[in-house]
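# Structural overview
Single-letter residue listing:
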Amino acid sequence: MRNPEDNVILVKSKKFAIRSVNLYKYLIDKKQEFVISKQLLRSGTSIGANVKEAIRGQSKPDFLAKMNIALKEASETEYWLELLHETDYITKSDFNNIYADCQELLKILMSITKHSK
């Protein structure tokens with residue numbers, strides 16, 4: 001099997017999951033925000049989990065199904081980030097940084113799902 005560090009979507013989605021966990025901890029500890037942050041934690045970490053499952057998929061349809069779930073989770077995460085920013089829980093600078101990463105994941109996942117059909 002290839003080296004996991006060579007798989008761009010696997011690496012980027014895991015780094016994004018770590019950022020989501022850290023943002024969750026910040027929102028809980030510093031902003032006392034417990035609802036949206038939990039949604040962000042769930043969807044932001046689910047992207048990488050589904051990518052990992054897809055890579056170990058039993059078939060091409062299984063691979064595609066898991067990548068589509070990862071894409072949907074990335075889209076949901078995009079929404080929660082927008083909501084956190086628009087309600088002033090995160091600064092514009094912090095938002096722009098993590099939002100750009102989320103957008104990158106969305107583009108990669110859209111490309112994977114489009115070309116895997």
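These numbers come from a predicted model, not from an experiment.

How each quantity is defined
- Residues numbered from 1 in each chain as written.
- Predicted model: local features only at pLDDT ≥ 70, side-chain atom pairs only at ≥ 80, totals over all residues.
- Heavy atoms only, no water.
- Phe/Tyr/Trp six-rings, centres within 6.5 Å; stacked < 30°, edge-to-face > 60°.
- Buried < 20%, exposed > 50% of the residue type's maximum accessible area, 1.4 Å probe, protein only.
- Helix = DSSP H or I, 4+ residues; strand = E, 2+ residues; numbered from the N terminus.
- Expected span 1.5 Å × (residues − 1).
- Bend = angle between axes of the 7 residues up to and from the residue.
- Contact = heavy atoms within 4.5 Å.
- Polar contact = N/O pair within 3.5 Å; in protein donor to acceptor, adjacent residues only side chain to side chain.

Moving on: the packing of aromatic side chains. Tallied over the entire structure, the rule returns two aromatic pairs. Summarising the aromatic geometry, the rings of Tyr79 and Trp80 are spaced 5.0 Å apart at their centres and angled 70° between planes, so their arrangement reads as edge-to-face. Of the residues examined, Trp80 reaches a relative accessible area of 13% and is grouped as buried.

So, on to helix H2 (residues 36-55). In this model, H2 (20 residues) spans 29 Å end to end at C-alpha, consistent with the 28 Å of a helix rising 1.5 Å per residue. Of all the bends in H2, the largest measures some 30° and sits at Ser46. Turning to H2, its buried residues number three or more, namely Ile36, Ser37, Leu40, Leu41, Ser43, Gly44, Ser46, Ile47, Gly48, Asn50, Val51 and Ala54. Along its buried surface, H2 packs onto helix H1 (8-29), helix H3 (60-86) and helix H4 (92-116).

What follows concerns the side chain of Thr77. Tracing the backbone shows Thr77 in helix H3. Among the polar contacts listed, one links the side chain of Thr77 to the backbone nitrogen of Gly44, at a separation of 3.3 Å. Aside from chain neighbours lying at most four places away, what touches Thr77 is Phe16, Leu40, Ser43, Gly44, Ile47 and Cys102.

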